[in-house]
Amino acid sequence: VVYRVMSKSIDTLNIRRFVRFRIKTANLPPAEGTTIFKDPAGLAVLHRIKEVLSLSHKYNLSSPMAAKGIEAGLEWHFESAAITILLGVRRRDFDFTEFYLITDCFPRGWWNKITNKDYLSDSVLTHWKKMLDCINLELVTSLDAESINWMTEEEFDQWFSFAK
């Protein structure tokens, strides 16, 4: 197996692809009655984000589903890449529920695998940044989220290990 270095490292592009935020527990979208998820509020919030991104911003996202090790996830396929969005619930108290959202972008398609192209085009990176801006807007306007903090991977790792 031959590995290539990405032509543009995500870290050098300063894409803050991790976000943590809080929503008043009273303002959470209603969760379905299932108990197989760690916290059904995570799936409900990701459904809400998907609805708004699909309707207001015309993104054709997959349906949110339960994910292993985290509450829920979904994907958006664009050009030669797949953008993944994962949502987890970090801690819950009486007044607020804290969430974290992780996004990542991967090259996809058989041709990229054969030619070993593991880089992302400028167009894909531009659309990914635009999607992150749309998510931020909807966290504020649709979900009335508070304490929104976008982070780099290093900042997220520090917060996540500290918040355990």
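Provided above is the structure to which this section pertains.
Residues numbered from 1 in each chain as written. Predicted model: local features only at pLDDT ≥ 70, side-chain atom pairs only at ≥ 80, totals over all residues. Heavy atoms only, no water.

## Observations concerning the pattern of salt bridges
Part 1: Evaluation of the coordinates by the stated rule reveals five salt bridges.
Part 2: Two residues, Arg 22 and Glu 146, come together in a salt bridge whose shortest N-O distance is 3.9 Å. With Arg 22 in strand E1 (residues 18-24) and Glu 146 in strand E6 (residues 146-151), this pair connects stretches of sequence that are 124 residues apart.
Part 3: Classification of Glu 146 as partly exposed rests on a relative accessible area of 26%.
Part 4: Three or more residues are tied together by salt bridges with common partners; here these are Arg 17, Asp 104 and Glu 153. (Salt bridge = Lys/Arg side-chain N within 4 Å of Asp/Glu carboxyl O. Helix = DSSP H or I, 4+ residues; strand = E, 2+ residues; numbered from the N terminus. Buried < 20%, exposed > 50% of the residue type's maximum accessible area, 1.4 Å probe, protein only.)

## Notes on helix H3 (residues 122-141)
Part 1: End to end, H3 covers 29 Å across 20 residues, agreeing with the expected 28 Å (1.5 Å per residue, within 8%).
Part 2: If you check which residues of H3 are buried, you get Val 124, Leu 125, Trp 128, Met 131, Leu 132, Cys 134, Ile 135, Glu 138 and Leu 139. (Expected span 1.5 Å × (residues − 1).)

## Points about the packing of aromatic side chains
Part 1: According to the stated counting rule, one finds ten aromatic pairs in the structure shown.
Part 2: Centroid distance Tyr 100 to Phe 156: 5.8 Å. Interplanar angle 45°. Geometry classified as tilted. With a gap of 56 residues between them, Tyr 100 in strand E5 (residues 96-107) and Phe 156 in helix H4 (residues 153-162) connect regions that are remote in the sequence. The same class applies to Tyr 100 and to Phe 156, which are both buried.
Part 3: Members of the aromatic cluster, connected to one another through ring pairs, are Phe 18, Tyr 100, Phe 156, Trp 159 and Phe 160.
Part 4: Between the NZ or CZ atom of Arg 22 and the centre of the ring of Phe 96, over which it lies, the distance is 3.8 Å. (Phe/Tyr/Trp six-rings, centres within 6.5 Å; stacked < 30°, edge-to-face > 60°. Lys NZ or Arg CZ within 6 Å of the ring centre and 35° of its normal.)

## Some remarks on the side chain of Glu 138
Part 1: The topology assignment puts Glu 138 in helix H3.
Part 2: Notably, Glu 138 is buried but unbridged: the nearest opposite-charge side chain belongs to Arg 48, and the N-O separation is 7.9 Å.
Part 3: Within the structure, the side chain of Glu 138 is placed 2.8 Å from the side chain of His 57, a separation counted as a polar contact. (Lys, Arg positive; Asp, Glu negative; His and termini not counted. Polar contact = N/O pair within 3.5 Å; in protein donor to acceptor, adjacent residues only side chain to side chain.)

## What about the environment of Ile 83?
Part 1: Looking at the element boundaries, Ile 83 is found in strand E4 (residues 81-92).
Part 2: Overall, the relative accessible area of 1% leaves Ile 83 in the buried class.
Part 3: Those residues in contact with Ile 83 that sit more than four places away from it in its chain are Leu 74, Glu 75, Trp 76, Asp 104, Cys 105, Trp 128 and Met 131. (Contact = heavy atoms within 4.5 Å.)

## Observations concerning helix H1 (residues 40-57)
Part 1: Given a rise of 1.5 Å per residue, 18 residues ought to cover 26 Å, and the 25 Å separating the end C-alpha atoms of H1 matches this to within 8%.
Part 2: Turning to H1, its buried residues number three or more, namely Ala 41, Gly 42, Leu 43, Ala 44, Val 45, Leu 46, Ile 49, Lys 50, Val 52, Leu 53 and Ser 54.
Part 3: Following H1 by one or two positions, Lys 58 adopts a phi angle in the positive range, close to 65°.

## Points about the pairing of strand E3 (residues 70-78)
Part 1: Burial runs high along E3: seven of the nine residues are buried.
Part 2: Sheet analysis places strand E2 (residues 65-67) next to E3, joined by three bridges and oriented antiparallel. Bridge pairing in E3 links Met 65 to Gly 73.
Part 3: In this antiparallel pair of consecutive strands, E2 and E3, the connection spans two residues, and Gly 69 shows a positive phi of 80°. (Pairing = 2+ DSSP bridges.)

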